[in-house]
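Overview (structure and organization)
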Amino acid sequence: MNDSAASDSVPSSASVSGACAASPRLRGALETFPPYIPGKPPRQVEGLEPFKLSSNENFLPPLPAVLDAMVAHATNPALYPDDAALALRQGLSDRLGVGLDQLIVTTGASELLVALTQITSDTTTEAIYPWPSFEMYPQTTGLVGSTRHEVPLTADGRHDLDAMAEAITDRTSFIILCSPNNPTGPVLRDDEVRTFLDKVPSHVLVALDEAYWEFATAPGRADGLSLVRDYPNLVLLRTFSKAHGLAGLRVGYAVAHPPVIEGLLKAVIPFGVTDLSQAAALESLKHWDEVLDRAARIGQTRDTFAAALREQGWDVPEAQANYVWLPLGEKSDAFEDACVEQAVAVRNLGDGVRISIGEDDALARVLEIAERFRFEHFEK
Ligand SMILES: *Cc1c(COP(=O)(O)O)cnc(C)c1O
């Protein structure tokens, strides 16, 4: 009889804690970036309706036809979905005027960011993106161990495209642009993106993240579809999560030239997008005008809300999506606390607070909080 085997089978408290100390060795790259932190739910406060303005979700109810399509497609879950998402890609192809071979459907634009990083980046390459911007950029590029160049935004929350162009080296393999930028709000202009892309070597893949394009109204804004026609190294990221109001179903898509799509097809998870999600997204595409109308209405609400904040004295950058950004700096925590106390969840990103456009009652409450906050913190 083997003594050590016998003692192994009787775990003492010492061996349990020993097992903890010897946790598996994970890649060092994991130490270089924080995990993704989702927007918090609102706190329940007696007598106040809670509002979640922390995740840029669409606050409008789903289109009835989309709900009907979901019920109709609640079919046999024993079967895998259509991996090629052919019907949805055909719908997108018709709607956007691009070829089927220029489209890929994924589990949200989030999966695209992961896959794009996988097909471009490793420990020998460098990635460039603006900062502050979408929190997944440091996560995906950090995970593969690429060197990250976070290029600070200008004082008014815009990409500093000159500085981004200057950050390009021989090792640059992946660049991300975000328009409208999450969390600050401004869009990129068509002319400035073209000037930038003309400086990027053609072997460097550039992703233009247009998760919020439907809400943008600024004249001269970049139009990803026309840009992608002219630049074979550009890939466009879009999603059904925001304007279409389908965040819970996890559907996004990319538009790019066929070689990029072929690369992405090797990096995405097979069968990621369920038939239910594909059917709902396709139905929503059929109601494109209605989706764009609703986005435009949210855009008007945003403009009114941003104007009211500026009227109070806040320095709000150009807001072109379904949120506004308050550059609060070190007062961000205090502002978030003031919102939490009033049953409103906002997104505190350290440099500032992002507030999603929601119901009129929600925005009216935020305006009251913001006015009181200015009085207590700035005007005393
Ligand atoms: C919400 C968001 C996405 C992707 O969201 P999905 O739900 O994964 O499609 C991508 N980029 C930005 C900037 C976003 O805010």
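Computed from a prediction, not measured in an experiment: that's the story for all the values here. (Residues numbered from 1 in each chain as written. Predicted model: local features only at pLDDT ≥ 70, side-chain atom pairs only at ≥ 80, totals over all residues. Heavy atoms only, no water.)

What follows is about the pairing of strand β3 (residues 126-131). Within β3, 5 of the 6 residues are buried, leaving the element largely enclosed by the surrounding structure. Both β3 and strand β4 (residues 147-152) contribute to a ladder of 6 bridges, which runs parallel. The residue bridging I128 from the neighbouring strand is H149, located in β4. Regarding topology, helix α6 (residues 136-143) serves as the crossover connection from β3 to the parallel β4, and that connection is right-handed. (Buried < 20%, exposed > 50% of the residue type's maximum accessible area, 1.4 Å probe, protein only. Helix = DSSP H or I, 4+ residues; strand = E, 2+ residues; numbered from the N terminus. Pairing = 2+ DSSP bridges. Right-handed = clockwise from strand over helix to strand, strands pointing away.)

Attention shifts here to the site of the ligand. Taken together, 13 residues lie near the ligand, and S110, Y212, T239, S241 and K242 sit nearest. R250 places a polar side-chain atom, nitrogen or oxygen, 2.7 Å from an oxygen atom of the ligand. Surface burial for the ligand is 94%, taken as the share of its 390 Å² of free accessible area covered by protein chains. More than half of the atoms of the ligand fall within 2 Å of the grid points belonging to the largest pocket. Here the shell around the ligand is composed, by residue class, of 5 nonpolar, 5 polar and 3 charged. (Near = heavy atom within 4 Å. Polar contact = N/O pair within 3.5 Å; in protein donor to acceptor, adjacent residues only side chain to side chain. Areas by Shrake-Rupley, 256 points an atom, 1.4 Å probe, with all protein chains shown as cover. 1 Å grid on protein atoms, 1.4 Å probe; cavity = no way out; pocket = protein on both sides within 12 Å on 5 of 7 lines; lining within 4 Å. Sits in = over half its atoms within 2 Å of the grid points. Nonpolar A, V, L, I, M, F, W, Y, C, P; charged D, E, K, R; others polar.)

The grouping of E49, E359, D360 and D361 at the surface amounts to a negative patch. Mapping E359 onto the fold places it in the loop between β12 (353-356) and α14 (360-377). In this structure E359 comes out as partly exposed when scored by relative accessible area, which is 33%. (Patch = residues over 30% accessible without salt bridge, like charges linked within 9 Å, V, L, I, M, F, W, Y side chains within 5 Å. Salt bridge = Lys/Arg side-chain N within 4 Å of Asp/Glu carboxyl O. Lys, Arg positive; Asp, Glu negative; His and termini not counted. Charge placed at Lys NZ, Arg CZ, Asp CG, Glu CD.)

According to the stated counting rule, one finds 1 cavity of 30 Å³ or more in the structure shown. As a volume, the largest cavity reaches approximately 40 Å³. Forming the boundary of the largest cavity are V114, T117, Q118, T140, L143 and V144. At the level of secondary structure, the elements contributing two or more residues to the lining of the largest cavity comprise α5 (108-120) and α6. With 3 residues, the single largest contributor to the lining of the largest cavity is α5. Residues of the lining of the largest cavity, tallied by class, amount to 3 nonpolar, 3 polar and no charged. (Points joined across faces, edges and corners; volume = space filled by probe spheres on them.)

In this section: the sheet that holds strand β2 (residues 103-106). Read from one edge to the other, the open sheet built from 7 strands follows the order β2-β8-β7-β6-β5-β3-β4, with strand pairing classed as mixed. Lying at the two open borders of the sheet, with one neighbouring strand each, are β2 and β4. Averaged over all neighbouring strand pairs, the angle between strand axes comes to 20 degrees, with direction disregarded. Inspection of the sheet shows strand β7 (residues 234-239) paired to strand β8 (residues 252-255) by 4 bridges, in the antiparallel sense. Across the sheet, the residue bridging to T239 is G252, located in β8. Along the sheet, α5 contacts β2, β5 (172-178), β6 (205-209), β7 and β8; its crossing angle with β7, the most-contacted strand, is approximately 155 degrees. Packed onto the sheet, helix α10 (residues 258-265) meets β2, β6, β7 and β8 and runs at close to 30 degrees relative to β2. (Axes fitted to C-alpha atoms, helices over the stretch in contact; angles between N-to-C directions. Contact = heavy atoms within 4.5 Å.)

What follows deals with the domain arrangement of the protein chain. Partitioning the protein chain into structural domains gives domain 1 (39-56 + 289-379) and domain 2 (64-286). Between domain 1 and domain 2, a total of about 1800 Å² is buried, with carbon and sulfur atoms accounting for 54% of that surface. At the junction of domain 1 with domain 2, the criterion picks out 2 salt bridges. Among the ionic pairs, E318 bridges to R158, the shortest N-O distance being 3.3 Å. At the junction of domain 1 and domain 2, the tally comes to 13 residue pairs in polar contact (both at pLDDT 80 or more). Elements that contribute at least two residues to the side of domain 1 that touches domain 2 include exactly α12 (288-312) and β9 (323-326). Tallied by class, residues from the side of domain 1 that touches domain 2 come to 10 nonpolar, 3 polar and 5 charged. (Domains from an automatic or database assignment. Buried area = accessible area lost by both parts, 1.4 Å probe.)

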